[in-house]
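# Architecture and fold: a report
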Amino acid sequence: MIRHLLSTADLSRADALLILDTAEEMARLTAGRSVKKLPTLRGRTVVNLFFEDSTRTRTSFEVAAKRLSADVVNFSAKGSSVSKGESLKDTALTLAAMGADGVVVRHAASGAAYRLATSGWIDARVLNAGDGTHEHPTQALLDAFTIRRHLGPLDGRRIVIVGDVIHSRVARSNVALLSTLGADVVLVAPPTLLPLGVEQWPVEVAYDLDGVLADADAVMMLRVQRERMNAAFFPSAREYSRRYGLDVRRFARLPESAIVLHPGPMNRGMEITADVADSPRSVIVEQVSNGVYVRMAALYLMLAGADDDVMSAQEGAA
Amino acid sequence: MSEHQTTLITGARILGGEPADLLLRDGVIAGVGQGLDDTGATILDAAGLVVLPGLVDLHTHLREPGREDAETVLTGTQAAAMGGFTAVHAMANTEPVADTAGVVEQVWRLGREAGYADVRPVGAVTVGLAGQRLAELGAMADSAAGVRVFSDDGHCVSDAVLMRRALEYVKAFDGVVAQHAQEPRLTEGAQMNESVLSGQLGLRGWPCVAEEAIIARDILLAAHVGSRLHICHLSTQGSVEIVRLAKQRGLPVTAEVTPHHLLLTEDLVASYDARYKVNPPLRSADDVAAVRAGLADGTIDIVATDHAPHPVEDKECEWDAAAFGMLGLETAISVVQHTMVDTGLLNWAGVAERMSSAPARIGRCDTGDDAQGRPLAVGEPANVVLVDPSASRTVDSTASASLSRNNPYEGMKLPGGVVATFLRGRPTVSDGALV
Amino acid sequence: MSRDLSDFRTVLSEDEISRALSRMAHEVVERNKGAADLVILGIPSRGVPLAQRLATRIASVENVPIPVGALDVTMYRDDLRLRPARALERTDIPAGGVDGRTVVLVDDVLYSGRTIRAALTALDDIGRPHAVRLAVLVDRGHRELPIRADHVGKNLPTSMRENVKVLLEEVDGRDSVLLGDVSATRAEGTP
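## A word on the overall build of chain A
In terms of helices and strands, chain A carries 12 helices and 9 strands. Relative to its length of 318 residues, chain A is compact, with a C-alpha radius of gyration of 20 Å against a globular reference of 20 Å. Judged by the C-alpha coordinates and their principal axes, chain A covers about 60 × 45 × 35 Å. Counting the 318 residues in chain A, one finds 58% classified as buried. Partitioning the intrachain contacts of chain A with sequence separation of at least 6 by distance along the chain shows that 76% fall at a separation of at least 24. About 12000 Å² of surface is accessible on chain A, with carbon and sulfur atoms providing 50% of the total. Counting 36 positive and 37 negative side-chain charges, chain A places the averaged centre of each group 5 Å from the other.

Below, the structure is given as structure tokens:
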């Protein structure tokens, strides 16, 4: 198993499946039982280090860590924005002094989690809870988990991801993870919202949403910020939703079994209409509960086992 | 330190050619050849070493006044001497900005007091580098500093009208505008070369076209008004092609490339280690090959370091928050040997041309009492550097004359090294150490 | 089974395992005074097929279906931090739950007792059984905790240098209990 969870690109197929299978057990263990808590991470300290507001992700990690009996410290570093850059190092040193075993970090700067994990400032395991426009690995894992629960193994499944790919850490993490798991990923967006060089990603690219819906197994709608139109990424919110929004008409073109995902928070009326978001084939609410299981799995696999010293001592003895 | 030290350098390969002796007396080269009069001379056995004219850097950030925590004129020129330089052009983006005669004279005087290399201040093109109105270019030219190079480096003079006027105005005193070619709208918030990698790393891309579009525009502007144009730190294959075409048409453009753009590629950014954050950004391997070829065939006239010191806290942080820039003075000749000489693209005479004579010519400091970039000939100022091409070293950023440690070559093994530097006959570096 | 078991000797044959399980099934019924409210939970990995076999035997004796499931104790172990994090095994509690019932925990080998303690803690979080009993195929001694089995297939005096290996048809392709020297294999089933 990897030491830090920074990017889904670091996950082998075996690692990814181990996390998903473990999440499946977490779901079975905590659903409908008298005591939802497991004693597994008793005595371990997990710090939620959030340089950016995200109540839903922070809460999800907090619930996950607490269900495993970890001590959870919420360290909101908002205001220590990138303009005061050194705060990342100072904060890391503070957390190290406090004895954090795991750090869940959300930061507006791409690579912040990577820096935290590799700079030598802190010894703790680092879980990336979203870094800039780079990655959001647990979101992709919960998406894959949700899709797998509905459709079975992802091999050969056709997953369509629609929207602001260039600014989306969710899209990057999903492309890497879903392709590792054998799915065929299709990115659909106006060309302005696709990064340069996307043709070298392990995906198909389409500009026309209608053309790819008929054989989609799952459609993931990405959040599109209205402000993007001020930077000329698209002319108007109305034109965007007309060309790339998922409405009832487009929803009807999907196969009966196809499901609809959204990482949230949704812009209802922009990338997705309310009736589609609330339809029975929308798994958006389920994604939230699955997020807890996936994060429990990640925390368990990264924090429950031996520290490196013990591991190497054992290997030496074997 | 006597100005009138006499040194006989024996057996050095002049411009990498046949071994000969070189006599430095009274600040000038008093003899070249065999059997020279060594009366009162310190003998320096230079067998196996290459002797070049003192290097001239057209692009150095000395940070004084304003950021003396990063570098001072003294430490910056010491680093220059350690790198074999006898003259540096100090960029204008200090605090206050070098946009008046007062500031450029202060920097120039600090250089003379330090005594490690001639400091030639670069004047800002626009007041406060703000790109709004012209600075008093004439006053800076007429000052004791005798400014001939003007640049808003760090910022692009993006307003086409302002750029045209600057190009025209400096003709009156044979000045040159050195353009930092970066279209600002195309590079808002940009963090690294725009490529497949920038898309994967989630770092805002910095397209090559943002550099190339300005270079193309300014070449056309310079041709239109009949002015000289110098292009700072050219970094892309497209830029090389545009300049090559302009030179084929006989247009008066010169261009520089930095050592780091000759060696390093954007792949280093994958570490998110801000030591590799620089403006313009590190580019692709194809771009590196193109700038090497351009430097070899003369499309690119010179190597300039863009030595840009930053304190630790400005680099030891997340990528977006980090400052742009890397050190370059002390490693420049080694990187050029590694990328150009050892690859057979350039001989040592070519290195002397691109790191000494040409930059001195462009900066108009190749004449007068303190002339730089002159040939190694009798009667010329004794600005000389001895390089050991057979040496090899692992770069240790803590062993630096610079106040800063943002060295992108840290831990890399590089060939060559400066054994001695002479500024008008007086050693500033001897046995590889500052005098 | 890639491991070389040639240095091991057989201590229980296929027939002996079958007879032991039949005897244990009868003992469970006798102790419980029937099959009412019984829930059989196997501890992965080899406790699970043993639990199923036991449940089948009890069902055939009593002619009622016996709820059977699995209880993974990985996350309750006291030695988690001595090894890298392990993959979880399936926990499967029968639909009726465990509240007010008699739970029979089933494992292949009883040794230090630590696995059983972890199972008791895990069971605590699932519900409140009326009683918990323990059935093991082999009790090899060397307890480190005050835990004993209610139903034992075979008491097997061992040295701590020895290793007990239970092979089951469902997992290993054959039924057999083997005893060998620890040095002949990697330590497994160590306390």
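Additional details are given in the paragraphs that follow.
## Describing the pattern of salt bridges
Residue and element names in this part refer to chain A. Applying the stated criterion to the full structure yields 51 salt bridges over all chains. In this structure, the salt-bridge partner of Arg 13 is Asp 155, at a minimum N-O distance of 3.2 Å. One end of the pair, Arg 13, is in helix α1 (residues 13-30); the other, Asp 155, is in the loop between α5 (137-151) and β5 (158-162), with 142 residues separating them in the sequence. For Arg 13, a relative accessible area of 36% puts it in the partly exposed group.

## A look at the interface of chain A and chain B
At the junction of the two partners, chain A supplies 22 residues and chain B supplies 20 residues. Interface area, chain A with chain B, both sides summed: about 1700 Å², of which 55% is carbon and sulfur. By the criterion of area lost to chain B, the three top residues of chain A are Ser 110, Arg 115 and Leu 196 of chain A, representing 31% of everything that side buries. Put simply, chain A and chain B have 1 salt bridge between them. Lys 89 of chain A is the partner of Glu 316 of chain B in a salt bridge, and the nearest nitrogen-oxygen pair spans 2.3 Å. Remark: the boundary between chain A and chain B carries 6 residue pairs in polar contact (both at pLDDT 80 or more). Listed by contribution, the elements that provide at least two residues to the side of chain A that touches chain B are α3 (87-98) and α4 (112-118) of chain A. Top element by residues in the side of chain A that touches chain B is α4 of chain A. It accounts for 3 residues. Among the residues forming the side of chain A that touches chain B, the class breakdown is 10 nonpolar, 8 polar and 4 charged.

## Considerations on the interface of chain C and chain A
On the chain A side, the residues contacting the 20 residues of chain C number 28 residues. With both chains or domains summed, chain C and chain A bury close to 1900 Å², and 56% of this area falls on carbon and sulfur atoms. The largest contributions to the chain C side of the interface with chain A come from Met 75, Arg 81 and Asp 125 of chain C, which together make up 35% of the buried area. Inspection of the region where chain C meets chain A yields 2 salt bridges.

## A few points about the packing of α1 of chain A against α5 of chain A
Residues and elements named next belong to chain A. Put simply, α1 and α5 touch, their axes get as near as 10 Å, and they point 70 degrees apart. Taken together, the axis directions place α1 and α5 in an arrangement best described as roughly perpendicular. By crossing handedness, the relation of α1 to α5 is classed as right-handed. Packed against α1, whose contacting residues are Leu 17, Ile 19, Leu 20, Asp 21, Ala 23, Glu 24 and Ala 27, the element α5 presents Leu 141, Ala 144, Phe 145, Arg 148 and Arg 149 at the interface. Partitioning the contact of α1 with α5 into residue classes produces 8 nonpolar, no polar and 4 charged.

## Quick look at the sheet that holds strand β2 (residues 71-76) of chain A
Strand pairing within a sheet occurs via backbone hydrogen bonds; the two strands may be parallel or antiparallel. Residue and element names in this part refer to chain A. Here 4 strands make up an open sheet; going across it, the order is β2-β1-β3-β4 and the pairing parallel. With one partner strand each, in any of the chains shown, β2 and β4 (125-131) form the two edges of the open sheet. Going from strand to strand, the sheet's axes swing by 15 degrees on average, the running direction of each strand aside. In the sheet, strand β1 (residues 45-50) pairs with strand β3 (residues 102-107) via 5 bridges, with the strands oriented parallel. When the bridges of β3 are listed, Val 47 appears paired with Val 103. Packing against the sheet, helix α2 (residues 55-67) makes contact with β1, β2, β3 and β4, and its axis sits at approximately 180 degrees to β1. Packed on one face of the sheet, helix α11 (residues 284-303) meets β1, β3 and β4 and runs near 150 degrees to β4.

## Structural notes on the domain arrangement of chain A
Residue and element names in this part refer to chain A. In terms of domain boundaries, chain A breaks down into domain 1 (8-135 + 288-308) and domain 2 (137-283). If you average the C-alpha positions of domain 1 and of domain 2, the two centres end up 26 Å apart. At the junction of the two partners, domain 1 supplies 30 residues and domain 2 supplies 26 residues. A combined buried area of about 2300 Å² lies between domain 1 and domain 2, and 59% of that area is made up of carbon and sulfur atoms.

## Some words on the confidence of the model for chain B
As a general rule, the predicted coordinates of low-pLDDT regions are not to be interpreted in detail. In this model, chain B carries a mean pLDDT of 96, and residues with pLDDT of at least 70 account for 99%. For this predicted complex, the interface confidence reaches an ipTM of 0.90, while the overall pTM sits at 0.91.

## Quick notes on helix α9 (residues 285-297) of chain B
All names here are of chain B. Compared with an ideal rise of 1.5 Å per residue, which puts 13 residues at 18 Å, α9 spans 18 Å between its outermost C-alpha atoms and is within 8% of the ideal. For α9, the complete set of buried residues consists of Asp 287, Val 288, Ala 290, Val 291, Arg 292, Gly 294 and Leu 295. Gly 298 occupies a position one or two residues after α9 and carries a positive phi of about 90 degrees.

## Describing the confidence of the model for chain A
In the predicted model, chain A carries a mean pLDDT of 91, and 93% of its residues have values of at least 70. This model gives residues 309-318 of chain A a pLDDT under 50, and the stretch forms 7 contacts once residues within four places in sequence are excluded.

## A closer look at the sheet that holds strand β13 (residues 229-231) of chain B
Residues and elements named next belong to chain B. Reading across the sheet, the 5 strands line up as β9-β10-β13-β14-β15 and stay open at both edges, with parallel pairing between neighbours. Two strands bound the open sheet, and with one partner strand each, they are β9 (149-150) and β15 (302-303). Here 3 bridges tie β13 to strand β14 (residues 253-257), and the two strands are oriented parallel to one another. Considered in β14, the bridge of His 230 is made with Thr 254. Those strands touched by helix α4 (residues 160-169) are β10 (176-179) and β13, and its axis lies near 145 degrees from that of β10. Taken strand by strand, helix α6 (residues 208-225) contacts β10, β13 and β14, and its axis lies near 165 degrees from that of β13.

## Structural notes on the domain arrangement of chain B
Residues and elements named next belong to chain B. Its domain assignment divides chain B into domain 1 (7-50 + 379-434) and domain 2 (54-362). Each partner contributes to the interface: domain 1 provides 37 residues, whereas domain 2 provides 46 residues. Taken together, both faces of the contact between domain 1 and domain 2 bury some 3200 Å²; the carbon and sulfur share is 62%. A per-residue breakdown of the area domain 1 buries against domain 2 is headed by Asn 406, Pro 408 and Tyr 409, which together make up 21% of the total. On the surface where domain 1 and domain 2 come into contact, there are 1 salt bridge.

## Considerations on the side chain of His 134 of chain A
If you trace the backbone, His 134 of chain A turns up in the loop between β4 and α5. On the basis of relative accessible area, His 134 of chain A is assigned to the buried category, the value being 9%. A polar contact of 2.7 Å, which involves the side chain of His 134 of chain A, links it to the side chain of Asp 131 of chain A. If we skip the residues at most four places from it in the chain, His 134 of chain A touches Ser 110, Gly 111, Arg 169 and Arg 172 of chain A together with Gln 200, Leu 201, Gly 202 and Tyr 272 of chain B.

## Some thoughts on the arrangement of the chains
Contact analysis covers 2 pairs of chains in contact, and the most contacts occur between chains A and C. With no contact between them, chain B and chain C keep their nearest C-alpha atoms 27 Å apart.

## Some words on the packing of α5 of chain A against α11 of chain A
In helix packing, the relevant descriptors are the interaxial angle and the interaxial distance, both defined with respect to the helix axes. Residues and elements named next belong to chain A. Where α5 contacts α11, the two axes come as close as 8 Å, and the packing angle between them is 115 degrees. Between α5 and α11, the angle is such that the two are roughly perpendicular. Considering the relative orientation of α5 and α11, their crossing is right-handed. Residues Thr 138, Gln 139, Leu 141, Leu 142, Asp 143, Phe 145, Thr 146, Arg 149 and His 150 of α5 lie in contact with α11, whose contacting residues are Glu 286, Gln 287, Asn 290, Gly 291, Tyr 293, Val 294 and Arg 295.

## Quick word on helix α2 (residues 101-114) of chain B
For an α-helix the count is 3.6 residues per turn, leaving residues at separations of three or four pointing the same way. All names here are of chain B. Helix length check: α2, at 14 residues, gives a terminal C-alpha distance of 20 Å against a target of 20 Å (1.5 Å per residue), a fit within 8%. Listing the buried residues of α2 in full gives Val 103, Val 104, Val 107, Gly 111 and Ala 114. Buried residues of α2 fall within an arc of 100 degrees about the axis and therefore sit on the same side. Turned more than 90 degrees off the buried face of α2, the exposed positions are Arg 112 and Glu 113. Where the residues of α2 are buried, they touch α1 (73-82), β7 (85-90), β8 (118-121) and α3 (137-142). Following α2 by one or two positions, Gly 115 adopts a phi angle in the positive range, close to 80 degrees.

What counts, and where the lines are drawn
- Residues numbered from 1 in each chain as written.
- Chains lettered and ligands numbered in written order.
- Predicted model: local features only at pLDDT ≥ 70, side-chain atom pairs only at ≥ 80, totals over all residues.
- Heavy atoms only, no water.
- Helix = DSSP H or I, 4+ residues; strand = E, 2+ residues; numbered from the N terminus.
- Rg over C-alpha atoms; globule rule 2.2 N^0.38 Å.
- Buried < 20%, exposed > 50% of the residue type's maximum accessible area, 1.4 Å probe, protein only.
- Contact = heavy atoms within 4.5 Å.
- Areas by Shrake-Rupley, 256 points an atom, 1.4 Å probe, with all protein chains shown as cover.
- Lys, Arg positive; Asp, Glu negative; His and termini not counted.
- Charge placed at Lys NZ, Arg CZ, Asp CG, Glu CD.
- Salt bridge = Lys/Arg side-chain N within 4 Å of Asp/Glu carboxyl O.
- Buried area = accessible area lost by both parts, 1.4 Å probe.
- Polar contact = N/O pair within 3.5 Å; in protein donor to acceptor, adjacent residues only side chain to side chain.
- Nonpolar A, V, L, I, M, F, W, Y, C, P; charged D, E, K, R; others polar.
- Axes fitted to C-alpha atoms, helices over the stretch in contact; angles between N-to-C directions.
- Parallel < 35°, antiparallel > 145°, perpendicular 65-115°, else oblique.
- Left-handed = near helix turned anticlockwise from the far one by under 90°.
- Pairing = 2+ DSSP bridges.
- Domains from an automatic or database assignment.
- pLDDT = per-residue confidence, 0-100.
- Expected span 1.5 Å × (residues − 1).
- Arc of directions from axis to C-beta.

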